Amino acid sequence: MTQFTHINQNGEANMVDVSMKQETVREARAEAFIRMNPETLQMIISGNHHKGDVFATARIAGIQAAKRTWDLIPLCHPLMLSKVEISLEALPETNQVRIESICKLTGKTGVEMEALTAASVAALTIYDMCKAVQKDMVIEQVRLLSKSGGKSGDFVAK
């Protein structure tokens, strides 16, 4: 296992110095699922939700979250993202919505946290918009699907 890079020699948290790292094209994909009652999902799919277009709002929230990850997660670098994409898919057979985020840039540090934050906040937004109808929805399986670029190379989840 490699060393933790956010801890200095005194055991104190610090922001990693990336000034000497090589700029590369970096991309990360993440996903999250939100499970709900069939009636709640149908309300979203049909567009009959009283708060409006749930997917459009969740998509915007996910994009905004990716852009503000540095402000939410301590020690993250502010990044100049070149792409943030949020895809939402209703899965009626399992009463879920699958959220996938893609974040991309050319830079000195990865975008995994941005992709994970985007998927998480999109799921939280769906919860927020639907909580008046159903409070026991479950956000689950937030995970990194893949990442590319940088010194550590590529990763694809199994």
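Everything here concerns the structure above.
Only a predicted model underlies this, so the values are computations on that prediction, with no experimental measurement involved.

*Asks:* How do you make sense of unusual backbone geometry when you look at a structure like this?
*Replies:* Phi is mostly negative for residues that are not glycine, and the peptide bonds are mostly trans. The backbone phi angle of Leu-75 is positive, close to 75°, even though this residue is not glycine. Mapping Leu-75 onto the fold places it in the loop between helix 3 (69-72) and strand 2 (83-91). The backbone phi angle of Asn-95 is positive, close to 55°, even though this residue is not glycine. Inspection of the secondary structure assignment puts Asn-95 in the loop between strand 2 and strand 3 (96-107). Overall, Asn-95 belongs to the partly exposed group, its relative accessible area being 23%.

*Asks:* Would you take a moment to explain the sheet that holds strand 3 for this structure?
*Replies:* The strands that make up a sheet pair up through hydrogen bonds in the backbone, lying either parallel or antiparallel. As summarised here, the arrangement of the five strands in space is 2-3-1-4-5, forming an open sheet in which the pairing is antiparallel. Here the strands that pair on one side only, and so sit at the sheet edges, are strand 2 and strand 5 (155-156). Two strands pair when backbone bridges link them, and strand 1 (residues 24-35) and strand 4 (residues 138-148) are joined in this way by eight bridges, in the antiparallel orientation. Pairing of Arg-29 across the sheet is with Ser-146, part of strand 4.

So, how was this worked out
- The residue numbering used here restarts from 1 in each chain and proceeds along that chain's sequence as written.
- With pLDDT at 70 or above as the cut-off, local features in this predicted model cover only qualifying residues; side-chain atom pairs require 80 or more to be listed or tallied, and sums for whole chains, interfaces and linings still use all residues.
- Side-chain numbers come from the whole structure's heavy atoms, not from hydrogens or water.
- Strands here are runs of E lasting at least two residues and helices are runs of H or I lasting at least four, both read from the DSSP assignment and numbered beginning at the N terminus.
- The buried label goes to any residue with under 20% of its type's maximum accessible area, the exposed label to any with over 50%, and the partly exposed label to all in between, with areas taken from a 1.4 Å probe on protein chains only.
- Following DSSP output, two strands are said to pair if at least two bridges run between them.

Honestly, it's all geometry; don't read function into it.
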